[in-house]
Amino acid sequence: MPTIIALDVSLSMSRPIPNQTTGTGGPGGSGSENVLTYHQLAIQGVNYILDYLSKHARLEFVSLIIYSSLYEVLVDFTRDYDTIRQALHKIEHYDKTSLENVLVAVNNAFKTHWGSQNYCQIIFITDCGVGMGPSSLKNTIINIQTYKAACVAAAAAATAAAAAADGSSKVATIGSAGSGAVVPQPSENQWVGFSYPSKLSFMCLGSLATDSAFRCGTKLYQQLLDVSGQKGQLFIPRMKMKHESSESAGDEPSPNVGDDGEDGLRQLTRASSLEAFETMCDTNYRQFEATLRCGGYFRLEDPITVWPAPLPYTARDLLGAETTKLMSRRLEVCGFLRMADIGSPMSVSRHLVLPRSITTSSSGGGSSEQTSEGGKGPSTNGGLKNGHGHSSAEERLEADIKAFYAKSDAGEHHAHDDHHGLDGADVNKESVCVLLHGALKVENMAALVLLGDSWYGFIYSYADGKKKWNLMLNVLPPGNDVVPWLGDLRYLGTLEDAFPGENPSFPIKADKRSYSQTIVVWIRQASLQSDIQKVLRHAKKLPEKTQHFYKELNRIRRAALSLGFVELLEGLANIFEREISTLPLSASPDCSMQLTHAAMELRKTNNRDLKSIIHALPTQYNQLG
């Protein structure tokens, strides 16, 4: 779940914060130390975000962008947060704020690196300047409203044209209406929303009580989120009132009031801005903590962290009704399958499964430790493990049995002495994640996990490019029959459940080999590369291989159009043009002519139809004319 931090570096961010001598909330002192600007608050906020991610989400990729009327990618996506901290000291201020330009830049930058399927956190740190002229925020909102209205009008025109047609010619009328009522496309520098799942957060530095321009700006920023339909939120520092400041402990509120009285407390301070950043981090980067359970009656369980946090899954039926499902906090291992049997099913998302250590708070001695139930000390039963109480008698009985078998023979049979070894219990405690990871890696298998009601996933051992092995959770779409070659996941059984003479192996193997079929499979990069190289080998043997060249070319083109991989057609055209310049002198003139013809045909929009076929160019060499 990558993160993009966009920092406003317009001239308004270089302003000093009003009434600093009375309301900075800083560490005290006078003189230059109290001269705090909006930019310095923003820098402190960025450092707070990086510190939070270093502690709770160390695998997060972060990019830093600065913007005013133009923008600059200061640091590209990286996990080295020290690089971003160093770049913060080299920032300079520029002219006015232009939010639309940087929104377009963020959209393009993320799609270039991560595509359109990944989820992105976008954080804007600004004083809510709205800009002026054609690039102002108000004009951006008007342009989005105009674009949305044009899309609605085009959809209404297409619907009306389809409804006016009779039953016999309905298909033809819909096709003509779809081609006549063209949906308007935004211009290159126009932002109408992000084309990938994302959350847009605005960190607004200012005071609603004393700054009228800030109040106007926050209204326009909220209107931008509402008009664009973008999921997001405005985080505004909460200003303490006079009675709240008098109740705060150890802050000496009376000097902070000063001559301005209550207005001094309603100004922006370092403490209130950092509190807003803390709220944003807790809201957007909250860890998904769960319990992984494995086994039958004597269950093994372990507290885990699923990273990144799984998003709610929203499914839409044929009637347009939406249903949202949340992943359970208790993941149940149902069984184990071979990786070869699972194959490559369609998945919703992938997550890392990390073991989570349970820390207990103590203030001096072991007798002061408290748990979540009635202030009692930690007991021998496993009911309070993972922070959950056992709600049923069966679970309490199961916890008692676990505690009985977990007792060692070294004199720890006294129930009153159990709390003394709690601090070191996690050090020598067995980890289900380690056990499961080692077994899955050695046996080359995956664990089928129940994620919720009729919702499954697979846990398997995964290694990245650095040969670091981790447990990976592959989340399937909700449903019991989402993997066609496995059937209903509720009815999977063991080999002992098979009938006599039945072959329980799956998936069912076809009689013909895959390379004799007309189906194109591009699960891996090598498959696509081999198909392209096959076309190029036929191209270098023209005109003898003219028919084979266009047969393979049409096969790849149909597969690309079926998958929506339209970019491949442009890439093939560029490859053909490059091959023309590298042809040897002994090559036939028909090679360059056919490659030029194929590149031109791939770029034509009328050849985007699956039924169309690219034919060879008749020349005197291939004798097709």
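Please refer to the structure higher up on the page.
Here the structure is a predicted model, which means the values were calculated and not measured.

### Concerning the overall build of the protein chain
Next up, step 1: Along the protein chain, the regular secondary structure elements total 18 helices and 15 strands.
Next up, step 2: In the protein chain, which comprises 625 residues, the share counted as buried stands at 39%.
Next up, step 3: When contacts within the protein chain are restricted to residue pairs at least 6 apart in sequence, long-range pairs at least 24 apart make up 70% of them.
Next up, step 4: Surface summary for the protein chain: the accessible area is close to 35,500 Å², and the carbon and sulfur share equals 53%.

### Section: the packing of helix α16 (residues 546-563) against helix α18 (residues 589-603)
Next up, step 1: Packing of α16 against α18 leaves a shortest axis separation of 12 Å and a crossing angle of 20 degrees. Accordingly, the angle class assigned to the pair α16 and α18 is roughly parallel. Considering only the axes of α16 and α18, their crossing is right-handed. When α16 is examined against α18, the residues Thr546, Phe549, Tyr550, Leu553 and Arg557 are found in contact with a partner set consisting of Asp590, Gln594, Leu595, His597, Ala598 and Leu602.
Next up, step 2: Considered class by class, the residues forming the contact of α16 with α18 number 6 nonpolar, 3 polar and 2 charged.

### Description of the sheet that holds strand β3 (residues 71-78)
Next up, step 1: Strand order across the open sheet formed by 6 strands is β3-β2-β1-β4-β5-β6, with mixed pairing between neighbours. Among the strands making up the open sheet, the edge pair consists of β3 and β6 (232-235). In this sheet, neighbouring strand axes are inclined to one another by 15 degrees on average, regardless of whether the strands run parallel or antiparallel.
Next up, step 2: Along the sheet, helix α4 (residues 99-114) contacts β1 (3-8), β2 (62-67), β3, β4 (120-126) and β5 (198-204); its crossing angle with β3, the most-contacted strand, is approximately 30 degrees.

### Looking at the sheet that holds strand β11 (residues 330-338)
Next up, step 1: As summarised here, the arrangement of the 7 strands in space is β7-β8-β12-β15-β14-β13-β11, forming a closed barrel in which the pairing is mixed. Pairs of neighbouring strands in the sheet enclose a mean axial angle of 40 degrees, with direction left out of account.
Next up, step 2: Bridge count for strand β12 (residues 349-355) against strand β15 (residues 469-475) is 5 bridges, and the pairing is antiparallel. Paired with Ser349 across the strands is Val475, a residue of β15.

### Comments concerning the pairing of β15
Next up, step 1: For β15, the buried fraction is high: 6 of the 7 residues fall into the buried class.
Next up, step 2: Across 7 bridges, strand β14 (residues 455-463) lies against β15 in antiparallel orientation. By the bridge assignment, Ile459 is partnered in β15 with Leu473.

### Description of the pattern of salt bridges
If the charged atoms of two oppositely charged side chains come close together, the side chains can form a pair.
Next up, step 1: Scanning all chains against the criterion turns up 14 salt bridges.
Next up, step 2: Residue Asp82 pairs with Arg85 through a salt bridge whose shortest N-O separation is 3.1 Å. Taken together, the residues Asp82 and Arg85, both in helix α3 (residues 81-87) and 3 residues apart, mark about one turn of the helix.
Next up, step 3: The closest approach of N and O atoms between Glu577 and Arg603, which form a salt bridge, is 2.7 Å. One end of the pair, Glu577, is in helix α17 (residues 567-581); the other, Arg603, is in helix α18, with 26 residues separating them in the sequence.
Next up, step 4: When its relative accessible area of 39% is taken as the criterion, Glu577 is described as partly exposed.
Next up, step 5: Several salt bridges share partner residues, and in doing so they unite Asp531, Lys534, Glu552 and Arg555 into one network.

### Examining unusual backbone geometry
Next up, step 1: With an omega of -10 degrees, the peptide bond running from Trp307 to Pro308 counts as cis.
Next up, step 2: Position of Pro308 relative to the elements: it lies in the loop between β8 (300-307) and β9 (313-316).
Next up, step 3: A cis geometry characterises the amide bond from Leu542 onward to Pro543, with omega recorded as 5 degrees.
Next up, step 4: One can find Pro543 in the loop between α15 (525-539) and α16.

### Section: the packing of aromatic side chains
Next up, step 1: For the structure shown, the criterion picks out 13 aromatic pairs.
Next up, step 2: Plain terms: the ring middles of Phe77 and Trp114 are 5.7 Å apart, the flat faces sit at 85 degrees to each other, and that makes the pair edge-to-face. Of this pair, Phe77 sits in strand β3 while Trp114 is found in helix α4, placing the two residues 37 residues apart along the sequence.
Next up, step 3: Take Phe77: its relative accessible area is 15%, and that puts it in the buried class.
Next up, step 4: A cation sits over an aromatic face here: Arg329 above Phe288, 4.3 Å from the ring centre.
Next up, step 5: Over the ring of Tyr462 we find Arg350, and its NZ or CZ is 5.8 Å from the ring centre.

### Structural notes on α15
Next up, step 1: Between its first and last C-alpha, α15 extends 22 Å over 15 residues, near the 21 Å set by a 1.5 Å rise per residue.
Next up, step 2: Elements that come into contact with the buried residues of α15 comprise α16, α17 and α18.

### Comments concerning the packing of α15 against α17
Next up, step 1: Where α15 meets α17, the axes come as close as 12 Å, and the angle between the chain directions of the two elements is 40 degrees. Accordingly, the angle class assigned to the pair α15 and α17 is oblique. Of the two possible hands of crossing, α15 and α17 adopt the one that is right-handed. Side by side, α15 and α17 meet where Leu528, Ile532, Val535 and Leu536 of the first sit next to Leu568, Leu572, Ile575, Phe576 and Glu579 of the second.

### Notes on the nonpolar core
Next up, step 1: Counting 51 residues, the largest nonpolar core has Leu7, Ile49, Ile125, Met203, Leu205, Met280 and Phe458 as the members making the most contacts within it.
Next up, step 2: Listed by contribution, the elements that provide at least two residues to this core are β1, α2 (38-56), β2, α3, β4, α11 (270-284), β13 (445-452) and β14.
Next up, step 3: Element by element, the count of residues in this core is highest for α2, at 9 residues.
Next up, step 4: When we break this core down by domain, the ones giving at least three residues each are domain 1 (2-17 + 36-153 + 188-239 + 267-285) and domain 2 (288-315 + 322-358 + 431-510).

### Structural notes on the side chain of Thr269
Next up, step 1: The topology assignment puts Thr269 in the loop between α10 (262-265) and α11.
Next up, step 2: Given a relative accessible area of 13%, Thr269 falls into the buried group.
Next up, step 3: Within the local environment of Thr269, its side chain forms a polar contact with the side chain of Ser272, the two groups lying 2.9 Å apart.

### Concerning α4
Next up, step 1: In this model, α4 (16 residues) spans 22 Å end to end at C-alpha, consistent with the 22 Å of a helix rising 1.5 Å per residue.
Next up, step 2: Buried within α4 we find Leu99, Glu100, Val102, Leu103, Val104, Ala105, Val106, Asn107, Ala109 and Phe110.
Next up, step 3: Once α4 ends, the next one or two residues include Gly115, with phi positive near 80 degrees.

Parameters and conventions
- Residues numbered from 1 in each chain as written.
- Predicted model: local features only at pLDDT ≥ 70, side-chain atom pairs only at ≥ 80, totals over all residues.
- Heavy atoms only, no water.
- Helix = DSSP H or I, 4+ residues; strand = E, 2+ residues; numbered from the N terminus.
- Buried < 20%, exposed > 50% of the residue type's maximum accessible area, 1.4 Å probe, protein only.
- Contact = heavy atoms within 4.5 Å.
- Areas by Shrake-Rupley, 256 points an atom, 1.4 Å probe, with all protein chains shown as cover.
- Axes fitted to C-alpha atoms, helices over the stretch in contact; angles between N-to-C directions.
- Parallel < 35°, antiparallel > 145°, perpendicular 65-115°, else oblique.
- Left-handed = near helix turned anticlockwise from the far one by under 90°.
- Nonpolar A, V, L, I, M, F, W, Y, C, P; charged D, E, K, R; others polar.
- Pairing = 2+ DSSP bridges.
- Salt bridge = Lys/Arg side-chain N within 4 Å of Asp/Glu carboxyl O.
- Phe/Tyr/Trp six-rings, centres within 6.5 Å; stacked < 30°, edge-to-face > 60°.
- Lys NZ or Arg CZ within 6 Å of the ring centre and 35° of its normal.
- Expected span 1.5 Å × (residues − 1).
- Core = buried A, V, L, I, M, F, W, Y, C linked by side-chain atoms within 4.5 Å.
- Domains from an automatic or database assignment.
- Polar contact = N/O pair within 3.5 Å; in protein donor to acceptor, adjacent residues only side chain to side chain.

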